[in-house]
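Structure at a glance
Chain by chain, the residues:
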Amino acid sequence: MILLADPLKAVWFVVFLLILQQVEGNLIYPKVVGKSVGLPGLLVLMAVTLGGEAFGVLGMLFSVPVCAVLYSLYLEFIKNAQPQMPASAETEA
């Protein structure tokens, strides 16, 4: 409808929508989804990008929950890991 009324305004409208979509997809979405699932925004962005590249739309949908589970397992592993001294340090002490 804008194109029929004023073609120049239609071009600016399309440019505005493209910029808005990029900001929402790359900045806002990872922050919001990251906070809701407990992931840093960068991991959400990486998960969606890699999932989409590997498996398309279904990859985008399932990559964030899979990444959240893997991130939780990683945090638990790090939290429960006991610092182990090398065998050579035990004999010297």
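Quick caveat: nothing in here was measured; it's all calculated off a predicted structure.

**A word on a nonpolar patch on the surface**
A grouping of Leu8, Val11, Trp12, Val15, Ile19, Val23, Leu27, Ile28 and Val32 is seen on the molecular surface, where their side chains present a nonpolar patch of about 880 Å² in accessible area. Along the chain, the position of Ile19 falls in helix 2 (residues 7-37).

**As for helix 3 (residues 41-80)**
Over its 40 residues, helix 3 runs only 25 Å from end to end, short of the ideal 58 Å by more than 12%, given 1.5 Å per residue. If you look at helix 3, its biggest bend is around 150°, right at Phe55.

**Here we look at the nonpolar core**
Counting 8 residues, the largest nonpolar core is built from Val33, Leu39, Val44, Ala47, Val48, Val64, Cys67 and Ala68. The dominant element in this core, judged by the number of residues it contributes, is helix 3, at 6 residues.

**So, the confidence of the model for the protein chain**
For the protein chain, mean pLDDT is 83; residues scoring 70 or higher make up 86% of the total. The secondary-structure element of the protein chain with the lowest mean pLDDT is helix 4 (residues 87-92), recorded at 59, while helix 3 shows the highest, at 89.

**A few points about the pattern of salt bridges**
Considering all chains together, one arrives at 1 salt bridge under this definition. Measuring nitrogen to oxygen at the nearest pair gives 3.6 Å for the salt bridge that ties Lys79 to Glu76. Placement of both Lys79 and Glu76 in helix 3 is noted, with a separation of 3 residues, approximately one turn of the helix. Here Lys79 falls in the exposed class, since its relative accessible area comes to 60%.

Definitions and limits used
Residues numbered from 1 in each chain as written. Predicted model: local features only at pLDDT ≥ 70, side-chain atom pairs only at ≥ 80, totals over all residues. Heavy atoms only, no water. Patch = residues over 30% accessible without salt bridge, like charges linked within 9 Å, V, L, I, M, F, W, Y side chains within 5 Å. Areas by Shrake-Rupley, 256 points an atom, 1.4 Å probe, with all protein chains shown as cover. Salt bridge = Lys/Arg side-chain N within 4 Å of Asp/Glu carboxyl O. Helix = DSSP H or I, 4+ residues; strand = E, 2+ residues; numbered from the N terminus. Expected span 1.5 Å × (residues − 1). Bend = angle between axes of the 7 residues up to and from the residue. Core = buried A, V, L, I, M, F, W, Y, C linked by side-chain atoms within 4.5 Å. Buried < 20%, exposed > 50% of the residue type's maximum accessible area, 1.4 Å probe, protein only. pLDDT = per-residue confidence, 0-100.

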